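The residues making up each chain are set out below.
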Number of protein chains: 2
Amino acid sequence: MAERFAFTLKAQDGSARTGEIATPRGVVRTPAFMPVGTGATVKAMFPEDVAATGADIILANTYHLMLRPGAERIAKLGGLHGFMHWDKPILTDSGGYQVMSLAKLRRIDESGVTFQSHIDGASVTLSPERAIEVQCLLGADIQMVLDECTPFPATRDEAKSSLELSLRWAERSKAAFASLSQPGQALFGIVQGSVYPDLRETSARALIDLGFDGYAIGGLAVGEGQGAMLDMVAVTATVLPQDRPRYLMGVGTPDDLLQSIARGVDMFDCVMPTRSGRHCQAFTWGGKLNLRNARYADDATPLDPESACPAARYERAYLHHLVRSGEMLGAMLLSYANVQFYQELMARARAAIAQGRFAAFADEIEQRYRTADELDDDSA
Amino acid sequence: MAERFAFTLKAQDGSARTGEIATPRGVVRTPAFMPVGTGATVKAMFPEDVAATGADIILANTYHLMLRPGAERIAKLGGLHGFMHWDKPILTDSGGYQVMSLAKLRRIDESGVTFQSHIDGASVTLSPERAIEVQCLLGADIQMVLDECTPFPATRDEAKSSLELSLRWAERSKAAFASLSQPGQALFGIVQGSVYPDLRETSARALIDLGFDGYAIGGLAVGEGQGAMLDMVAVTATVLPQDRPRYLMGVGTPDDLLQSIARGVDMFDCVMPTRSGRHCQAFTWGGKLNLRNARYADDATPLDPESACPAARYERAYLHHLVRSGEMLGAMLLSYANVQFYQELMARARAAIAQGRFAAFADEIEQRYRTADELDDDSA
């Protein structure tokens, strides 16, 4: 185990990169997909199965955990890793995004954001300093600065003043992190700027001047469409330093991931594999399937003959029966298979980059998914 | 693996017995608890974890499976074992009990019972012959005759004419089984007679005259109370042959099981461990716990330090958090731990019988559960 946080680039193929993030809790191979463990659980999965999929790191949500069961409680119980039986690295977001999407009666000012808990209505304040304090109480290996996730659409002026607030918060977050964090923990800055290339560049350069262990691209996948998202990824990645990991927040579909990797992104998180798994959708090497579809009622084919996941060995007819019956095992098996598919996709992407054939690999996957989507009209 | 069904008694301690049922799909150690896999899944559990708890056999419900996904469909897909990824023995009930408890617009006559499916309202007929046909299509290792589960309360006359109908159905079930079953499959008769000792004896003797591979005690745990239930178990067990397994249907709490074992019962099934697991209740070697209870919010004790179950190693504070948050992982872990507790209880019961100390063992467990129930008033 590394004594401290470090990123090593192993190979490049065009703008696509593969490397390793060393942390005291283990190595994260990049490109990396982080399953989302919102409330101290990757939904419907045992933590040992999350590890068995090949996930090197998971994400947990500061907003949810500070409200329930509470960061001080988790700290008193020994920290988030022990609490949720996950001993590999954890990245925590800063809570800012969920405050915007989940909380009620928000008030934002220079000091931070005050909001009403969506659980019990309690008034809670999140400042840059408190966001870092909470993440340190949780014991997160990679922490995020508090930012304002600029709403979409935003005018240029709105986007500019929003990113400037985020920059001031980033500076305060860094100062708090310097005094509260443990050796080996890392802090990432978050690039904002909506869909304005020059603002993305401004934000990135200002963050680089402050200096962070890694850089996230935030404020995307919020309604701007894949084309605009990828344009902003490309613009931002060009500015970011080669020797730091780059993390695209909250993204996305297999195609989103491959297109973003092609533009230089190293890390991702998304609820898609687990949420889809709870909604009868499977990601497979043959494309996306909707297991509710009547065509699977008598289909004795394993879910994904190409996957090494134990859950993917179950036959489609059985999974169809489970999801039609509302059985929890359906969600359990599909979540497991989906998270493993995302991990296998990243593993194959890493290998393709190392072998200089990433573009061909991405094309092939895109082709498979396009065909499957056409087949999978849910006529049931 | 045995070529055919056979029961071997290994030891007795008072009326308590321990032995082995040999089947072509493996040995069932008795006393045995069968987790309930109603709709081709033991709810919220992976089948390999069900096996890991020590379960030698599970129960599946004929009524549910004939309605969804359909017995002919499961047969075409290769049978229930392959369908649900469970290669050890399966016992199926005859469907009669669920027709009474779940279906609407029932009509019972000499030929069988006609009812409306609780899923889609379709009219379905279940005769003794069809109940066996369905169980053979599923490929059940131990099958049950179709009976009428006498409602409680019932007058003596009602109970008598009900058990007589069940006896005529038992005879027809046996004839159907003789022509449809595979070598090694077994058929059990079901003793009825409500809470009337002489009717229980009449029913048992008539079934013994017909001759079955094992004998179930049905129509209990339907509201008559533990005292009356145990009285009927004792009366019936006295009549039943020593060399055939005895199965008390739909029972029960840990204390119900131990009291019934003391009266000579060999097999049980009940939804209690899994249903309780989905409702925040844990069965442990220290007693029953309600994990919603606020007292567990900061409790760093493992769920059950005395259990060998991987799920029982999770701390109570974490389980409390999961169930309060409505996370599926809470139900998954508690179902797993509860099913394993029931299996460990049976394993310890078998050992106690073999060592001639069953009464002391049962007393100790009863004491532990009495204390825990007193402590566990849910004041949250």
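Worth saying up front: this structure is predicted, and the values here are computed from it rather than measured.

Moving on to the relation of the copies chain A and chain B. Note on the identical chains: chain A maps onto chain B by a rotation of 180° and an axial translation of 0.0 Å, with an RMSD of 0.0 Å. Taken together, the turn and the small shift mark the pair as related by a two-fold rotation axis. Scanning chain A for the C-alpha nearest the rotation axis identifies Met328 of chain A, at a separation of 4.0 Å. Of all interface residues in chain A, 100% are interface residues in chain B too; the two copies therefore contact each other through one and the same surface.

Turning to the interface of chain A and chain B, a few remarks are in order. In this assembly, 40 residues from chain A lie in contact with 40 residues from chain B. Between chain A and chain B lies a buried interface of about 3,300 Å² when both sides are counted; carbon and sulfur atoms form 61% of it. Together, Phe46, His321 and Met328 of chain A form the three largest contributors to the area buried by chain A at its contact with chain B, with a combined 18%. The tally of links from chain A across to chain B stands at 6 salt bridges. Here Asp298 of chain A and Lys76 of chain B are joined by a salt bridge, their closest N and O atoms 3.8 Å apart. Summed over the shared surface of chain A and chain B, the result is 16 residue pairs in polar contact (both at pLDDT 80 or more). The dominant element in the side of chain A that touches chain B, judged by the number of residues it contributes, is helix 13 (residues 328-354) of chain A, at 6 residues. For the side of chain A that touches chain B, the class distribution of residues is 22 nonpolar, 6 polar and 12 charged.

All names here are of chain A. Pairing within the open sheet is antiparallel, and its 3 strands lie in the order 1-2-3. The open sheet has two free edges, formed respectively by strand 1 (6-13) and strand 3 (26-30), since each of these has just one partner strand. Direction aside, neighbouring strands of the sheet carry axes that sit 15° apart on average. Where strand 1 meets strand 2 (residues 16-23), 7 bridges bridge the pair, whose relative direction is antiparallel. Looking across to strand 2, one finds that Gln12 is bridged to Arg17.

Further remarks concern the side chain of Gln98 of chain A. Residue and element names in this part refer to chain A. For Gln98, the location among the structural elements is in helix 5 (residues 96-102). Residue classification places Gln98 among the buried positions, given a relative accessible area of 10%. Once residues lying within four places of it in the same chain are set aside, the contact partners of Gln98 are Asn61, Tyr63, His64, Asp93 and Ala103.

Let us now look at the packing of aromatic side chains. Overall, the coordinates contain 29 aromatic pairs over all chains when judged by the stated rule. On the numbers, 4.7 Å between centres and 50° between planes, the contact of Phe33 of chain A with Tyr342 of chain A is tilted. On the criterion of sequence distance, the pair formed by Phe33 of chain A in strand 4 (residues 32-35) and Tyr342 of chain A in helix 13 is long-range, its members being 309 residues apart. The class of Tyr342 of chain A is buried, set by a relative accessible area of 0%. The structure contains a cluster of three or more aromatic residues connected by ring pairs, namely Phe33, Phe283, Trp285, Phe341, Tyr342 and Tyr369 of chain A. Taking NZ or CZ as reference, Arg348 of chain B lies 3.5 Å from the ring centre of Trp285 of chain B, over its face.

Rules used throughout
Residues numbered from 1 in each chain as written. Chains lettered and ligands numbered in written order. Predicted model: local features only at pLDDT ≥ 70, side-chain atom pairs only at ≥ 80, totals over all residues. Heavy atoms only, no water. Least-squares fit on C-alpha atoms with pLDDT ≥ 70 in both. Contact = heavy atoms within 4.5 Å. Buried area = accessible area lost by both parts, 1.4 Å probe. Salt bridge = Lys/Arg side-chain N within 4 Å of Asp/Glu carboxyl O. Polar contact = N/O pair within 3.5 Å; in protein donor to acceptor, adjacent residues only side chain to side chain. Helix = DSSP H or I, 4+ residues; strand = E, 2+ residues; numbered from the N terminus. Nonpolar A, V, L, I, M, F, W, Y, C, P; charged D, E, K, R; others polar. Pairing = 2+ DSSP bridges. Axes fitted to C-alpha atoms, helices over the stretch in contact; angles between N-to-C directions. Buried < 20%, exposed > 50% of the residue type's maximum accessible area, 1.4 Å probe, protein only. Phe/Tyr/Trp six-rings, centres within 6.5 Å; stacked < 30°, edge-to-face > 60°. Lys NZ or Arg CZ within 6 Å of the ring centre and 35° of its normal.

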